[in-house]
Amino acid sequence: MNSDWTHGTVKAVTNVVPENDVALELGEFFYQLRAALDAAVYKVAVMMNHGIEPPPDENRIEFPICPNSAAFDRNPVNKPPFPKEVRDWLETIQPYNTAKTAALDYAPLNRSLQIIHDCARKDRHRRLHIVAAVATAFDWEFKIEGPGRVTSVNLLPANFLENECVFLEFGFEGTTKTETTNIQLATAMSIEVSFDEVPVPLGSNLGTELAKLLYCTEFVLGKFESILD
């Protein structure tokens, strides 16, 4: 409260800095998606090698997510006995080939694979960037014991990933600093995390975009199963 008890602010103080924890969780998420895609290609290579493990070029076997056709052509999926049908489909969903999937149901797949690849690669060096955590929905209730009442409430821009942030100010009247007034604030809020590497379209949120990446990975794995069956 200010000196004459006409104005107050509310500050959030975190006991721990959650930014590194969030980055670690997201990094694990992208690692698992990348690993699942790589495992699918590895299993095909084993199958085409009559079930013998490890298959040839074991250390080079990975799901191709390439910036251009030259890089894709260097991937082992272009070599026999890797099935041509699988190879051709993989080529159409590469990030540089968005035109080939533009009219298909899985048009976002090219972009999603690029995001998975970039984030998994950055996470190996722990370079994922959590930008901010801001309140997108906020409810509050003041509980006052003693004289006085709240006259106005104003929410302030705040990043809850900071150690300390002032997120609310309020007007107050009906008491003085010589009187005994206890002010408590109960809050309920939704916090949206911004993540530098995952663009969030207007009207969406990070959770929805991460769910899309998970769905795209499941779609690719399902495609592998259908082709091989």
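The structure presented is a predicted model; accordingly, all values stated were derived computationally and were not measured.

Caption draft 1: Just the pattern of salt bridges, in detail. Applying the stated criterion across every chain yields a total of nine salt bridges. Between R149 and E173 there is a salt bridge; the shortest N-O distance is 2.5 Å. Here the residue R149 occupies a position in strand β3 (residues 149–155), and E173 occupies one in strand β4 (residues 164–173), the gap between them amounting to 24 residues. A relative accessible area of 47% places R149 in the partly exposed class. Judged by relative accessible area, E173 falls into the partly exposed class, the value being 36%. Several salt bridges share partner residues, and in doing so they unite D73, K84, R87 and D88 into one network.

Caption draft 2: Spotlight on the packing of helix α3 (residues 84–92) against helix α6 (residues 206–228). Running from N to C, α3 and α6 point in directions that differ by 155°, and their axes come no closer than 10 Å. Judged by the angle between their axes, α3 and α6 are roughly antiparallel. Between α3 and α6 lies a crossing whose hand is right-handed. Across the interface between the two elements, E85, V86, W89 and L90 of α3 pack against F219, V220, K223, F224 and I227 of α6.

Caption draft 3: Broad picture of the sheet that holds strand β1 (residues 7–13). One open sheet holds the three strands; their spatial order is β1-β4-β3, and the pairing between them is antiparallel. The sheet is open, and its two edges are formed by β1 and β3, each paired on a single side. On average, each strand axis in the sheet is tilted by 30° relative to the strand beside it, whichever way the strands run. Sheet topology places β3 next to β4; six bridges connect them, and they run antiparallel. By the bridge assignment for β4, V153 is matched with F170.

Caption draft 4: Looking closely at the nonpolar core. F63, L90, I93, L109 and F224 are the most contacted members of the largest nonpolar core, which has 24 residues in total. Elements that contribute at least two residues to this core include exactly α1 (19–48), α2 (69–73), α3, α5 (109–123) and α6. Here this core gets five residues from one element, more than from any other, and that element is α1. Residues in contact with L109, not counting those within four places in the same chain, are W89, I93, C216, F219 and V220. V10, A12, A133 and F138 belong to the second-largest nonpolar core, a separate cluster that totals 14 residues.

Scoring rules and cut-offs
- Starting afresh in each chain, residues are numbered from 1 along the sequence in its written order.
- Only residues with pLDDT of 70 or above have their local features reported here, since the model is predicted, and side-chain atom pairs are shown and tallied only from 80 upward, although totals for entire chains, interfaces and linings are computed over all residues.
- For side-chain calculations, the full set of non-hydrogen atoms in the structure is used, while hydrogens and water are omitted.
- Salt bridge, as used here: a side-chain nitrogen of Lys or Arg that lies within 4 Å of a carboxyl oxygen of Asp or Glu.
- Helix and strand definitions here come from DSSP, where helices need a minimum of 4 consecutive H or I residues and strands a minimum of 2 consecutive E residues; each element is numbered from the N-terminal end.
- The buried label goes to any residue with under 20% of its type's maximum accessible area, the exposed label to any with over 50%, and the partly exposed label to all in between, with areas taken from a 1.4 Å probe on protein chains only.
- Axis definition: a line fitted to C-alpha atoms, limited for helices to the stretch in contact. Angles are taken between N-to-C directions and run from 0 to 180 degrees.
- Here roughly perpendicular refers to angles of 65 to 115 degrees, roughly parallel to angles under 35, roughly antiparallel to angles over 145, and oblique to all remaining angles.
- If you view the pair so one helix is near and one far, a crossing is left-handed when the near helix is turned anticlockwise from the far one by less than a right angle, and right-handed when it is turned clockwise.
- By definition in these notes, contact holds between two residues if any of their heavy atoms fall within 4.5 Å.
- We treat two strands as partners when DSSP finds at least two bridges between them.
- Nonpolar cores were defined as sets of buried Ala, Val, Leu, Ile, Met, Phe, Trp, Tyr and Cys residues, with membership established by side-chain atoms within 4.5 Å.

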